[in-house]
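Structure at a glance
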Amino acid sequence: MSGLTYFARSHVQRTFEQLMNVLPSQLKEKPQVILLAGGNTPFRNDTDRELPFRQESNFYYLTGCSVPGSFLLALYHPEHTSSSTRLNVRLSIPEVEAADLMWSVPPPTIEEAKQLFDVTDISYSSELQGAITLLLQSHPEAVFHTLPRNSPQFPTLPEEYMTTIITSETHTATDAYLLSSLHKTRLIKDENEITMLRRANDISSRAHETVMRVLGNAVQGKIAQGEGAGIDRPLLPGEWLIEKEAEAEAIFVASCRREGAVHQAYLPIVAASRRAATLHYCCNDREFTWGPVKPHDHLNHGALAHGPAPEKQLEPQLLLIDAGCEWDCYSADITRTMPVGNGGRFTEKGKQIYSLVLEMQQKSMKNLRPGVHWDNIQLLCHQILVEGFLNIGLFKGPKDEILRSGISSAFFPHGVGHSLGMDVHDVPSASKPTNNTTIPQDKAGHPSFYRYLRLRLPLAEGMVVVCSNPLCRLFTCLLR
């Protein structure tokens, strides 16, 4: 945890209110219950080797709890006027076992958990079956809501809990409403969430800068190696000559971990040359173009700074890094493109494309306000791109005809951005609903402009969006 109070009960309250908006009338007057399982520590295939644990986003949103093996049982009385009696949020956590003390970090005690989590009651998971039975007896018409059952996308509720509920003749159990209600609620962030998103992006920004500065020293020949480096002893981090995508990734991740960010929001994309044209390239296993570099070749003599011999001179290369960390399950998403080789300088052609991408970003952000449809921001970017390409001679012909042709999608196929939150492509069912009546019908351009947009809604106060993040792809792909 970050030390900030995570207002989980507020999220539960807002989710129940959203549920009430979509429930059929015959269910609205009844007590409402949310029953969720948190994630469990994953293991590699059929072994006992733990994999990194990250709590399922919806569970964390409603609890602020990253303890594996936890459960949520929340009760909402729509007819109660008092906030103290309307909502009860019960968190169940596993009890400490002797093996936990020897093999892994134990879960918190009940007293410790009371100080950590913003819930009404806390108990051990072994008591949850009794709590469900008691709730069924005291609220004989309650409606139980779960995430989609039998789906591999969400943690599975133990069969005994669902059997107890389903076999009751007076209760309703449904998975039809909760996920969409959670997504709609999560789409609008509160101030506490925005604070955590800012923290994740601040850490990620510094990590990007760290990689840039290390590469800057390399391409300018400023890396100094001490006596015996790479011969009598291994190279130290400050002596590394970064020549591979994986090395740049390692520096980025290390910078994030150094500031307390445990997880990356997604697999870092570190792509040199034309590999940056693959939007979700995450192999990060190739040398930069001036290679190949032999293992442990510390006698490179500044190839980054000076490039190959004149008779083998390569086009100055670009490196794209699309990476962001998480802070308390809230994501960052930042893409930057930088020159490597050529003394760390862009070519003249590079400056032209960079300026065009910067104009697309700045004008997009200037036009962001509640009520503006995200489709219109996408269209604006294509309009700026076409005009820019006409100015530098990459396109020829009337601007309106080029826009109608959709040819600019060949250079800018992706969306200008997306919703950002606990997941990097946040709340897909809410940000790009299947039945979407908000899409403008009178816009210019071509259908291909909107094919891969992950957000297709009017902007609203409290939304957090990544704006112009993928435009660096245009820059890198044109200058590979």
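Residues numbered from 1 in each chain as written. Predicted model: local features only at pLDDT ≥ 70, side-chain atom pairs only at ≥ 80, totals over all residues. Heavy atoms only, no water.

In a regular helix each residue adds 1.5 Å, so 14 residues correspond to 20 Å; helix H11 (residues 245-258) covers 20 Å between its end C-alpha atoms and thus fits that length. Of the positions making up H11, those classed as buried are Glu-245, Ala-248, Ile-251, Phe-252, Ser-255 and Cys-256. Projected onto a plane normal to the axis of H11, the buried residues spread over an arc of 130° and lie on a single side. Close packing links the buried residues of H11 with helix H10 (191-219), strand E7 (269-272) and strand E8 (317-323). (Helix = DSSP H or I, 4+ residues; strand = E, 2+ residues; numbered from the N terminus. Expected span 1.5 Å × (residues − 1). Buried < 20%, exposed > 50% of the residue type's maximum accessible area, 1.4 Å probe, protein only. Arc of directions from axis to C-beta. Contact = heavy atoms within 4.5 Å.)

Right, let's get into the environment of Leu-379. Within the secondary structure layout, Leu-379 lies in helix H14 (residues 374-392). Residue classification places Leu-379 among the buried residues on the basis of a relative accessible area of 9%. As a C-alpha pair, Leu-379 and Cys-256 span 123 residues in sequence and 35 Å in three-dimensional space. Setting aside residues no more than four positions away along its own chain, Leu-379 makes contact with Lys-443, Ala-444, Gly-445, Phe-449 and Tyr-450.

Time to look at the sheet that holds strand E3 (residues 87-93). By way of backbone hydrogen bonds, the strands of a sheet pair with one another, either parallel or antiparallel. Read from one edge to the other, the open sheet built from six strands follows the order E4-E3-E2-E1-E5-E6, with strand pairing classed as mixed. Only two strands of the sheet have a single partner each, and these edge strands are strand E4 (121-124) and strand E6 (172-174). Strand-to-strand twist across the sheet, computed as the mean angle between neighbouring axes with direction ignored, equals 20°. Across three bridges, strand E1 (residues 32-37) lies against strand E5 (residues 143-145) in parallel orientation. Note that in E5 the partner of Ile-34 across the bridge is His-145. Packed on one face of the sheet, helix H7 (residues 128-138) meets E1, strand E2 (71-76), E3, E4 and E5 and runs near 15° to E2. (Pairing = 2+ DSSP bridges. Axes fitted to C-alpha atoms, helices over the stretch in contact; angles between N-to-C directions.)

This brings us to the layout of surface pockets. Considered as a void within the structure, the largest pocket measures approximately 1200 Å³ in volume. Residue lining of the largest pocket: 37 residues in total, with Thr-41, Phe-53, Ser-66, Val-67 and Pro-68 positioned closest to the centre. Elements that contribute at least two residues to the lining of the largest pocket include exactly helix H5 (98-103) and strand E9 (326-327). For the lining of the largest pocket, the class distribution of residues is 19 nonpolar, ten polar and eight charged. In this structure, the second largest pocket occupies an estimated 610 Å³ of space. Lining the second largest pocket are 24 residues, with Asn-201, Asp-333, Val-465, Val-466 and Cys-467 positioned closest to its centre. Of all the secondary structure elements, the ones that give two or more residues to the lining of the second largest pocket are H10, strand E11 (334-340), helix H13 (348-366) and strand E13 (465-467). With nine residues, H10 is the largest single contributor of residues to the lining of the second largest pocket. (1 Å grid on protein atoms, 1.4 Å probe; cavity = no way out; pocket = protein on both sides within 12 Å on 5 of 7 lines; lining within 4 Å. Points joined across faces, edges and corners; volume = space filled by probe spheres on them. Nonpolar A, V, L, I, M, F, W, Y, C, P; charged D, E, K, R; others polar.)

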